[in-house]
Amino acid sequence: MKLGFIVNPIAGMGGKVGLKGTDGKEVLEKAIRLGAKPESPIKAKKALEVLKPYMDEIELITCHGSMGEEEATDLGFKPRVIGERKDKVGPEDTEEAAKLMLDMGVDLLLFAGGDGTARNVYNAIGDKLPVIGIPAGVKIHSAVYANHPRSAGEVALKYLRGEIKTIREAEVMDIDEEAFRKGQVTAKLYGYMRVPYERQLVQSLKAGRPEQEEAAQDAVADRIIDEMEPDVFYIIGSGTSTRPIMEKLGLPNTLLGIDIVKNKELVASDVGEKDILRIINGQKAKIIVTIIGGQGYIFGRGNQQLSGEVIKMVGKENIRIIATKGKIVSLGGQPILVDTGDDEVNRMFNGYMRVITSYNEEIMYRVKGL
Amino acid sequence: MAKVKIRENYHQARWDEPIIYELSTPGERGILVPQPEREIREEAGDILSKLPENMLRKEKPNLPEISQKHVLAHYLHLSQETLGSNLNNDISQGTCTMKYNPRINEKLATLIHEVHPLQDESTIQGLLSIYYRFEHMLKEISGMDKFTFQPGGGSHAVYTAASIIRAYHESRGELEQRNEVITTIFSHPCDAATPSTAGFKIITLYPNEETGVPDVEALKEAVSERTAALFITNPEDTGIYNPIIDEFVKIVQEAGGLCFYDQANANGMLGIARAREAGFDMCHFNVHKTFGTPHGCSGPGTGALGVRSHLAKFLPVPTVEYDGEKYYLDYDRPESIGKVRGFFGVAPVILKAYCWTMMMGADGLREVAEISVLNNNYLQKKIEAIDGVETWYAEGRRRLEQVRYNWRKLYEETGVGTDDIMRRIGDYGIQHYWTSHHPWVVPEPFTLEPCETYSKADLDEYAAVLERIAEEARKDPDFVKASPHKCASHVIAKPEELNDPSKWALTWRAYLKKHKKEEPSLG
Ligand SMILES: Cc1ncc(COP(=O)(O)O)c(C=O)c1O
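Predicted model only: the values in this text are computed from it and were never measured.

Here we look at the nonpolar core
All names here are of chain B. Phe134, Leu138, Leu219, Phe280 and Phe291 are the most contacted members of the largest nonpolar core, which totals 61 residues. Counting residues per element, this core draws most heavily on helix 10 (residues 347-384), which supplies 12 residues. Sequence-distant contacts of Phe291, defined by excluding residues within four places in its chain, comprise Phe134, Leu138, Ile141, Leu270, Phe285, Asn286, Ala353, Trp356 and Thr357.

Now the structure itself:
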């Protein structure tokens, strides 16, 4: 069993000193000046500790210094260390290490960081290797992270020992941190990585088995298709939950973007905000969206194309939220969030909305506009 | 104060018992039935030839062949590998209302063992009168106007309710329009599943974090001209009682929907609150829980479904009636949904429940509720004092007769979760607890319901065992994770293997067939 282990040692440093992330050199320096201490190595060790009893069975491959070596040797592991020793590490080091590990044939990559780190890993390996993230960043929208460092360790252990066999696709998302610090939030959906699926650990909740989730997604898609009205535009949001709708219609799907369908035919693929406004142009339309990422957003993260203006034109009553029960449960009681950047539109969502969870099942769930 | 007893040195038998077919030796016999005397044989003639052709077996049945001693040993061994429901500390089984079921009622029920459901009404007047009287008691307890005892369990009664609701809307020509049933996530899953089976769409409400029950706004958003009914448990799985349930009922009824109250576990309310005063159109009781008859593997159940007068005509046939002189079964009910089970329900269960209710009396029923709630409040204080336990929702508010707790904190600290602790409880001779219905909205959940038949010592023992296990989890998490250590059965290492239909079968015969094994030769 080969396990890759990468720690982004500076992830999460901004949080405690009121900064919103640590991407970018100046911000990091500012964080250190403000007294930020590395949090990520402590969390990474919590995860790795779970694997300690199986130290002899696992071939641990990691990076120099604080990017994994120190954490591992502190716990008594004797890891194989790759790459070159450096004083200062950056995103390129994460990417390089992940690529090397892929080439070395690791079975699973365990990494600690935040959304930026997830993106770096994604850039390097895409969906070629299963991964599990140790949550250590300030803000985490990506769903590739376990909900607790220890859980990440347990998922890794169970996967390596063959106790988890199912893999799910989980969102890699990242906020534009530059804009974020200026108060504007835009999170992009960059792609999907493959994560060993154990509901209870990945999201702390046992909400149904993955086969059931898949069947539920299919049932939701059937419902949406059966209810499609003639001559109405259907704006199909990004994500894996909407994918079966397009598949069942036999249409090409844009996983990371928005497609428009009318009379069960494709009108336009991967459209931007302006395209949507131009195509719909006041005609009757419905938006089909799902919850994207680990935080519970339906608008404003991973689908900026569905702007406040688009929503106003379509109308709240023409929005259909779809999600499996598992996804709803994984919100842990927190509301579904809307952050379009338009306060008036956001406020319009405050209250309760129906979420379609199966062919003939809905959940009435609280929605909060930021 | 008496010292709390923890059974430190408990150890269950582990017999590694084969299944009975594997114990079979061709030719071995338990009883040698004496041959009839010649005279009798001659007098009777060939009696087998009098049986109709279609009832005759072509082959001998494949029955295990074992001596008396070994049969008895076999079943003794199996019984020793159980914890003995009813005589165990069954506080564990939250949402199941496990209580002691008085033996005398089991004895009384044997009085009707020889009654056949096809007997003429005139020969079962006593039994019918017990049905009639028990119905009256349940009417009094719930405020409903008419009951059926036909359903064989709680979910079956809830399904019957859904069928009646369908018939009601159909009779008004509104069935097509009214196709949505509203329920809550902490109601019993059958409150969603059975109306769904009956063809309705299900809308599930989630609770507000602070109050622990759904917001009125959520209900209002869900209610429309499409609403057929509300199916709701109260108190819900969490043990939280919805104090504005009457308002919920009103909102749904004003929109034209009916309201069904799932009162499977009515232990906390007997003699205190009735479905009628809350405005409900119908409710059901699990007779095999609240009304003192055994359930689970100890015996069959009955779901008693009660309705208000406007729905009475839809109840299953037959109903039990009294014309002033005699009791009779009424099949002449043209708008009835029909039968939901053979004959008229499980008669011994009704007899036992009648006896139990008579023994309790009206004051006794109220005392059941009061003690159940008191027991629960006492236990809750003790359980919540255990480091690592949390209770989600409605902080500081009392629960009724059960509580859904969780080990989230302990799990994050030690990696020991609720399944591990559940297995470990068995090592102290206590029934494994009920975690939660799915989905696990509360992480690492467990649900306890200390009914009226448990003593203070039982409650103390229970809390002390959980406290001990939480300590063990901190000291040696792997030990708890590897539990049970002293039980008959061990941990299921690969649960998926137990699901493998190519490997397992429900009967020995099917098993042999599946694996193409010869049936053992018949003696
Ligand atoms: C609230 C509630 N409703 C319905 C049922 C279903 O009853 P049964 O198991 O008899 O089908 C139960 C039993 O667990 C229950 O607790």
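Some thoughts on the site of the ligand
Residues and elements named next belong to chain B. Taken together, 13 residues are adjacent to the ligand, and Gly154, Ser155, Asp262, His288 and Lys289 come closest. Within the backbone of Ser155, an N or O atom sits 2.8 Å from an oxygen atom of the ligand. Residue His188 places a side-chain N or O atom 3.4 Å away from an oxygen atom belonging to the ligand. Against a free-state accessible area of 390 Å², the protein chains account for coverage of 83% of the ligand.

Considering the environment of B:Glu176
Along the chain, B:Glu176 falls in the loop between helix 5 (154-171) and strand 2 (180-184). B:Glu176 sits 50 residues away from B:Arg226 along the chain, and the two C-alpha atoms are 8.7 Å apart.

A closer look at the pattern of salt bridges
Note on pairing: side chains with opposite charge can pair once their charged atoms come close. Taken as a whole and assessed by the stated rule, the structure comprises 50 salt bridges over all chains. A:Glu362 is the salt-bridge partner of A:Arg223, the closest N and O atoms lying 2.3 Å from each other. Residue A:Arg223 is found in helix 9 (residues 210-226), and its partner A:Glu362 is found in strand 16 (residues 361-369); the two are separated by 139 residues along the sequence. Exposure remark for A:Arg223: the relative accessible area of 4% places this residue in the buried category. A salt bridge links B:Asp420 to B:Arg423, with the shortest nitrogen-to-oxygen separation between them at 3.0 Å.

Notes on the packing of aromatic side chains
Inspection of the entire model under this criterion finds 22 aromatic pairs over all chains. With a centroid separation of 5.6 Å and an interplanar angle of 75°, the aromatic rings of B:Phe186 and B:Tyr393 are classed as edge-to-face. Of this pair, B:Phe186 sits in the loop between strand 2 and helix 6 (190-197) while B:Tyr393 sits in the loop between helix 10 and strand 10 (403-406), and the two are 207 residues apart along the sequence. Across the pair, B:Tyr393 and B:Phe186 agree in class, each one buried. One aromatic cluster is present, built from ring pairs that chain together B:Tyr131, B:Phe134, B:Phe147, B:Phe149, B:Phe285, B:Phe291, B:Phe344 and B:Trp356. Across the ring face of A:Tyr190, the terminal group of A:Arg119 is positioned such that the distance to the ring centre comes to 4.0 Å. Sitting over the ring of A:Tyr297, A:Arg301 keeps its end group 3.9 Å from the ring centre.

Parameters at a glance
Just so you know, the residues in each chain are numbered from 1, in the order the chain's sequence is written. Written order determines the labels here, with chains lettered from A and ligands numbered from 1. Selection of residues for local features in this predicted model requires a pLDDT of at least 70, selection of side-chain atom pairs for listing and counting requires 80 or more, and totals for whole chains, interfaces and linings are taken over all residues. Side-chain descriptors were evaluated using all non-hydrogen atoms of the structure, hydrogens and water having been removed beforehand. The definition of a nonpolar core used throughout is a set of buried Ala, Val, Leu, Ile, Met, Phe, Trp, Tyr and Cys residues joined through side-chain atoms within 4.5 Å. Relative accessibility thresholds used throughout: buried, under 20% of the residue-type maximum; exposed, over 50%; partly exposed, between the two (1.4 Å probe, protein chains only). Each helix is a run of DSSP H or I of at least 4 residues and each strand a run of E of at least 2, with the numbering of both proceeding from the N terminus. In what follows, a contact means two residues having at least one pair of non-hydrogen atoms within 4.5 Å. Whether a residue is near a molecule or strand is decided by its heavy atoms; if any one of them lies within 4 Å of it, the residue is near. Any pair of N or O atoms that falls within 3.5 Å is considered a polar contact. Within protein, one atom must be able to donate a hydrogen and the other to accept it, and sequence-neighbouring residues count only if both atoms are side-chain atoms. Per-residue accessibility takes into account occlusion by the displayed protein chains alone, with areas from the Shrake-Rupley method and a 1.4 Å probe. Salt bridges are defined as contacts in which a side-chain nitrogen from Lys or Arg sits within 4 Å of a carboxyl oxygen from Asp or Glu. Aromatic rings from Phe, Tyr and Trp, with only the six-membered ring used for Trp, were paired whenever their centres fell within 6.5 Å, and each pair was classed as stacked if the ring planes differed by under 30 degrees, edge-to-face if by over 60, and tilted otherwise. Placement of a positive charge over a ring is assigned whenever Lys NZ or Arg CZ falls within 6 Å of the ring centre and within 35 degrees of the normal to the ring plane.

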